[in-house]
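Listed here are the chains, written in short residue letters.
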Amino acid sequence: MYGYRIITLLLISLLFIPSLSALDYSVSTQTSQLNPLCPRETGVFVDIVRNTGTAEQAFAVASTGSAAAWSTIVPSVFSLSPGESREISTYITPRSSASAGNYLLDLLFNSNQSTSLQHAVRVKDCFASRLSSLETEKQVCPGQVLSYEATLFNAGEYSEDFLLQTEGDIQPMISLSDDIVHLEKGQSKKVYIYITSPKDSGDYAFSFITTGSSGKTTATLPFVLHIAHCYDYITYARNGNAFNLCDGDFLRVPIAVENKGTVTNLYRLQLNAPAWIQLEKDRLTLLPSVKDTASLLAHPPYGTQGEFSAPLLVTPERGILKATVPFVFTVRKCRNVQLTLPQTQDTLCSDSTPRTYNAFIKNTGDVAETYALTMQSPSWVQSTDPLFVSLQPGQESPFHFRADPELNIVPGIYAVNLSVNATDASRASASGKQTFLLRVVDAVSCSKPVLESKENSIQISSDASKTIVFTAKNIGVESGDYIFSLQGNATSFSRITPNSISLLPEKNTSVYIYLAPGPQTSAGTYTLSAHMQLRNSTILSEKTFFVTVHDVRAPRGFVTNSTSGLSRFNGWISRLFTPLPENRTFATPKSQNATQTSSFNSLRSVLLPLESLANTLYPFRYYILGTFVVLLLFLLFVRLGLQELFISSPEERKEEIIETPKEKPKRIISKPPKRKEPAPTTPPLEEENILHSENIAQETEKSPEEKKE
């Protein structure tokens, strides 16, 4: 806008430029000086322009200078007749952002000639405030509440809002009575500053600051606070804060409290610790510069072990400074004993020899001690050592007890409970316990033998040999000595190796039976029972199987066995429906004599082959029976002929059977002369079949003439 005025003034001046050089108008000032102005306050300069010429003139007025931006000229363009004059008013209104200071205003008058006029403008500070206080320093005790009084005065020309605040190290401890204060021009107000003094002694400084809402005035008032040593004190443990002691020990810990302040004070002591740590007294009243002692009493009970914290809190009655003294008590279990068992269980036979077991008592504490050992056990378990023992720290002593089970003891599990305790007051903690388990089994299960073999029947030629492998096991709980023997009608051509063995519990070995039929061995089926018997006992296990001997000298299809096939088939059918366990362990009662034992073994040699075969074929008995019936019928029809079976008379069939050897003499095998031998033990079920076979053989040896007679 200022630029447009200059251009307008220059244009008007060009229109009225005369050819003469003399100034034909005059400019004078009616108001030469203004009072200092506040921002946004208005002042006016009045100037007079007079036309001293003989012709009418046009004028243009413009302003320049540092105050020109705040000025307004009224009027700025006008005309004057000769001798006529005009007042020119220039208004000055400083902006609100104008800073206090001196400014210049230049007025430029243009007609046919130009001239200027200068005015001075002064802007004053119209926003101001002052802070004052009668007491800016104070001395108080720690934790005391105090206040300062300060006066705020509005020294500006306008009413204003003032923001109040503080700065300094203790600013969080300060509060003000007012946060914002509104003051008119020349008005003042008292403001109170409240402080809770720090708990630590020393000097603290802070400032009280006011800021006007105009943003042009700020006032600061410094304060100093002196914290005296009114309630200072010290507390400490004379012998340190960490202690190491044994369970059951007694310990006194002295604690000193000294009043370093300027007033008499009462100090309360509070302990946060286990129940076995107590305070001798819980309060002390001390004059200035006086100290006193309180004590901690520590008495951990027996068995206490570990690290325990016991902080002591000291609280003065006057002042807010509290003190904490930490204590740590490490308690060792100095009285301790350890009872160990190298073996925690065992198995015995009811008739076993006595056994001795070990236990070890060790003093694992830090002091010498005497211990008592108690044992709860069956009557047949007794200790062999004294029940009291004295041991130094780290020393170990063995303790022995012996188990001697009786023969009639009931099998089962028996517990031997051992406990060891100190004989003094520490017995509640210095103790140890262990349990030893004894499993008692009966005599049969002690060294129980078992014979096993995958073979139940053996096929062998009369001029061959064969070896049968058995597995002999000891499934008992003790080692055993065993002897082996063979029974049955196959013992004449059988040998067993070894004859005796020793086996540990749960161990096994191989046993071999060598079969080699001799020249006197007839073709047929024999029984053989292998016996494994515990030495000096009647406990045994046996395995029975059939040995079938084939005579390689007989023509194919000729039966040389003394027992007919039909008889053996009938006996097998009778046994087919009676399943019994294949392997059984027999224990002959001690009251039996030798004769009874022999009869018992003979009966067993007969039953066991039948039991083994019945167990194997029992699930298929009906299928096998039907199959053999069909095969039997088929053989009868082939052998005798279907027509002869239904037409021929019994006499004709008998003659045909007698004449059969004449037609096929080559198939007749002469028997060697008989010699008297002990008859083999045969099962009762097969005795009748054997006799029947011998009769048929005798008839075969007779001549046709003898048969006719």
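Rules used throughout
- Residues numbered from 1 in each chain as written.
- Predicted model: local features only at pLDDT ≥ 70, side-chain atom pairs only at ≥ 80, totals over all residues.
- Heavy atoms only, no water.
- Helix = DSSP H or I, 4+ residues; strand = E, 2+ residues; numbered from the N terminus.
- Buried < 20%, exposed > 50% of the residue type's maximum accessible area, 1.4 Å probe, protein only.
- Contact = heavy atoms within 4.5 Å.
- Areas by Shrake-Rupley, 256 points an atom, 1.4 Å probe, with all protein chains shown as cover.
- Patch = residues over 30% accessible without salt bridge, like charges linked within 9 Å, V, L, I, M, F, W, Y side chains within 5 Å.
- Salt bridge = Lys/Arg side-chain N within 4 Å of Asp/Glu carboxyl O.
- Pairing = 2+ DSSP bridges.
- Phe/Tyr/Trp six-rings, centres within 6.5 Å; stacked < 30°, edge-to-face > 60°.
- Lys NZ or Arg CZ within 6 Å of the ring centre and 35° of its normal.
- Disulfide = S-S within 2.5 Å.
- Polar contact = N/O pair within 3.5 Å; in protein donor to acceptor, adjacent residues only side chain to side chain.
- pLDDT = per-residue confidence, 0-100.

As for the overall build of the chain
Alright, step 1. Broken down by element type, the chain carries eight helices and 47 strands.
Alright, step 2. Looking at the chain residue by residue over its 709 residues, the buried ones come to 37%.
Alright, step 3. Contacts in the chain between residues at least 24 apart in sequence constitute 69% of all its contacts with a sequence separation of at least 6.
Alright, step 4. Counting every atom, the chain has about 39600 Å² of accessible surface; 52% of that belongs to carbon and sulfur.

Re a nonpolar patch on the surface
Alright, step 1. Together, V629, L632, L633, L636, F637 and L640 make up an exposed nonpolar region whose accessible area comes to about 460 Å².
Alright, step 2. Among the structural elements, V629 can be located in helix α4 (residues 621–640).
Alright, step 3. In this structure V629 comes out as partly exposed when scored by relative accessible area, which is 40%.

With respect to the pairing of strand β12 (residues 160–168)
Alright, step 1. By the bridge criterion, four bridges tie β12 to strand β14 (residues 180–183) in an arrangement that is antiparallel. Its bridge partner lying in β14, E160 is registered against L183.
Alright, step 2. Note that β12 and strand β16 (residues 202–212) share seven bridges and pair antiparallel. Bridge pairing links Q165 to I209 in β16.

A word on the packing of aromatic side chains
Alright, step 1. By the definition in use, this model includes 18 aromatic pairs.
Alright, step 2. Relative to F78, the ring of F59 has its centre 5.3 Å away and its plane inclined at 20°; by these criteria the two rings are stacked. Remark: F78 occurs in strand β5 (residues 77–80) and F59 occurs in strand β3 (residues 57–64); sequence separation between them is 19 residues. Here F59 and F78 have matching classes, each one buried.
Alright, step 3. Grouped by ring-pair contacts, the aromatic residues F243, W276, F308, F327 and F329 constitute a single cluster.
Alright, step 4. The cationic tip of K138 hangs over the ring face of Y148; the distance from NZ or CZ to the ring centre is 5.0 Å.

Focus: the state of the cysteines
Alright, step 1. Scanning all chains against the criterion turns up four disulfides.
Alright, step 2. Covalent S-S linkage joins C141 and C230, the inter-sulfur distance amounting to 2.0 Å. Between C141 and C230 the sulfur-sulfur dihedral comes to about -75°; the bridge is accordingly left-handed. One end of the pair, C141, is in the loop between β10 (137–140) and β11 (145–154); the other, C230, is in the loop between β17 (218–227) and β18 (233–237), with 89 residues separating them in the sequence.
Alright, step 3. Each sulfur of the disulfide joining C246 and C334 lies 1.9 Å from the other. Taking the torsion about the sulfur-sulfur bond, which here is approximately -80°, the covalent link between C246 and C334 counts as left-handed. One end of the pair, C246, is in strand β19 (residues 242–246); the other, C334, is in the loop between β28 (328–332) and β29 (337–340), with 88 residues separating them in the sequence.
Alright, step 4. Overall, C246 belongs to the buried group, its relative accessible area being 10%.
Alright, step 5. When the bonded cysteines of the chain are counted from the start of the sequence, the pairing works out to 1-2, 3-4, 5-6, 7-8.

Considering the pairing of strand β9 (residues 129–132)
Alright, step 1. Of the two faces of β9, only the one carrying S129 and L131 is buried; R130 and S132 on the other face are not.
Alright, step 2. Bridge count between β9 and β11: four bridges; the pairing is antiparallel. Residue pairing across strands places S129 opposite N154, the latter belonging to β11.

A closer look at the side chain of E542
Alright, step 1. By the element assignment, E542 lies in strand β46 (residues 539–550).
Alright, step 2. In this structure E542 comes out as buried when scored by relative accessible area, which is 1%.
Alright, step 3. Among the polar contacts made by the side chain of E542, one reaches the side chain of H531 at a distance of 2.5 Å.

Examining the confidence of the model for the chain
Alright, step 1. Residues of the chain with pLDDT of at least 70 account for 77%, and the chain-wide mean is 78.
Alright, step 2. This stretch, residues 645–709, has a pLDDT under 50; its non-local contacts, to residues over four places away or in other chains, come to 54 contacts.

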